[in-house]
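# Structural characterization, general
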Amino acid sequence: MKLKSLGRGMASVLAVTALSAGCSNHTSDGTTPAAGSGPASTPLPADSLPLKMKEAVEKDLGYSVRDATDLGRTVDLQHAELWRACLTREGDGPDSVDFGAVPRGEKCPTHWNAHVPTPRTPDLIGTDFEKSYGRLLKTGYNSRFIEVFYGGPGIVDQQDVSRVHGEICSQSPEPGELYDASENVELHVATGKCPSV
């Protein structure tokens, strides 16, 4: 009985975290909105992962979330608004549900662990960081595994990524490499334009 309550409590915490992420300073395409442009928040689509998680909590259900495909991506709950819930099934625990999700813009699979083509790492060199960061999130990279170097050797803390503005000078993995869920991404960003070599 205590485990059931603990699972629900954890689900509530995760839902609040995910919904907070939906109100972050990144729009649904991963870019930062200009000050004073548009409404403070845009309604999320009905299949949005944060809404499905909230529905589970309202029904007093525990839940888990994972990639619905065979790519093995970790669902990024810091940017849950970029994911859509495609599949559901009864969870392992009592009164729980499992959600199968894919990044928004990706077609929902018809069954769990569906084989899908492996995406390639986009070419971000010479592009604006804010837009490129969003492209990486949409490809399925987890924000916890994206290391950003801004004008120097130190890695930018996760909470400060929204303050990074400039051009991407180098990236790892290389453009065109196949997506690998276990690989860290490194982005070296200039404080403005990349220096000429």
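You'll find the structure just up there.
Residues numbered from 1 in each chain as written. Predicted model: local features only at pLDDT ≥ 70, side-chain atom pairs only at ≥ 80, totals over all residues. Heavy atoms only, no water.

### A few points about the packing of aromatic side chains
The test is simple: What counts as a ring pair is set by centres within 6.5 Å for rings of Phe, Tyr and Trp (its six-membered ring), and what kind of pair is set by the plane angle: stacked under 30 degrees, edge-to-face over 60, tilted for all other angles. By the criteria applied, helices consist of DSSP H or I runs no shorter than four residues and strands consist of E runs no shorter than two, each listed in order from the N terminus. We call a residue buried when its accessible area falls under 20% of the maximum for its residue type, exposed when it is over 50%, and partly exposed in between, using a 1.4 Å probe and counting protein chains only. Only when the NZ of Lys or the CZ of Arg is both within 6 Å of the ring centre and within 35 degrees of the ring normal is a charge said to sit over the ring.
As enumerated under the stated definition, the model contains three aromatic pairs in all. Ring geometry for Phe 129 versus Tyr 133: centroids 5.4 Å apart, planes at 40 degrees, classification tilted. Linking Phe 129 with Tyr 133, this pair stays in helix H3 (residues 129-139), spanning four residues, or about one helical turn. With relative accessibility at 2%, the residue Phe 129 sits in the buried group. You can call Tyr 133 buried: its relative accessible area is 2%. The cationic tip of Arg 89 hangs over the ring face of Trp 112; the distance from NZ or CZ to the ring centre is 3.8 Å.

### Details of the nonpolar core
Where we set the bar: Buried residues of nine kinds, namely Ala, Val, Leu, Ile, Met, Phe, Trp, Tyr and Cys, make up a nonpolar core once their side-chain atoms join them within 4.5 Å.
Among the nonpolar cores identified, the biggest contains 28 residues, and Leu 49, Phe 129, Ile 146, Val 148 and Leu 187 are the most heavily contacted of them. Listing elements by their share of this core, those giving two or more residues are helix H2 (49-58), strand S2 (83-90), strand S3 (96-103), H3, strand S4 (146-150) and strand S6 (185-189). Examining the composition of this core, we find that four residues originate from one element, H3, more than from any other.

### Thoughts on H3
To keep it simple, the criterion reads: Contacts are assigned to residue pairs with any non-hydrogen atoms lying within 4.5 Å of each other. N or O atoms within 3.5 Å of each other form a polar contact, as long as, within protein, one can give a hydrogen and the other can take it, and as long as residues adjacent in sequence are counted only when both atoms are side-chain atoms.
Counting buried residues along H3, eight of its eleven residues qualify, which places the element largely inside the surrounding structure. Among the residues of H3, those classed as buried are Phe 129, Glu 130, Ser 132, Tyr 133, Gly 134, Leu 136, Leu 137 and Thr 139. Contacts made by the buried residues of H3 are with S4, strand S5 (168-172) and S6. The N-cap of H3, judged by a side-chain oxygen 3.3 Å from the amide nitrogen of Glu 130 a few residues on, is Asp 128. Gly 140, located one to two residues past H3, shows a positive phi value of around 120 degrees.

### Some remarks on the side chain of Asp 98
Note that Asp 98 resides in strand S3. Relative accessible area serves as the criterion here: at 12%, Asp 98 is assigned to the buried category. A polar atom in the side chain of Asp 98 sits 2.4 Å from the side chain of Ser 64. Residues contacting Asp 98, with those up to four places away along its chain left out, are Ser 64, Leu 87, Thr 88, Arg 89, Glu 90, Gly 91, Asp 92 and Trp 112.

### Details of the sheet that holds S5
This is how the line gets drawn: Here, a strand pair is defined by DSSP locating no fewer than two bridges between the strands. Only the stretch in contact is used when fitting a helix axis, every axis being a line fitted to C-alpha atoms; angles between N-to-C directions are given from 0 to 180 degrees.
With respect to topology, three strands assemble into an open sheet ordered S4-S6-S5, the strand pairing being mixed. Each edge of the open sheet is held by one strand with a lone partner, namely S4 and S5. The mean angle between the axes of side-by-side strands here comes to 15 degrees, regardless of whether they run parallel or antiparallel.

### Focus: the state of the cysteines
Where we set the bar: Whenever a pair of cysteine sulfur atoms sits within 2.5 Å, that pair is classed as a disulfide.
Applying the stated criterion across every chain yields a total of two disulfides. Shown here is the disulfide that connects Cys 86 with Cys 108, its sulfur atoms set 2.0 Å apart. Disulfide Cys 86-Cys 108: the torsion about the S-S bond is -70 degrees, which places it as left-handed. Of the two residues, Cys 86 is situated in strand S2 and Cys 108 in the loop between S3 and H3; the sequence distance between them amounts to 22 residues.

Without other data, these values stay purely geometric and don't point to any function.
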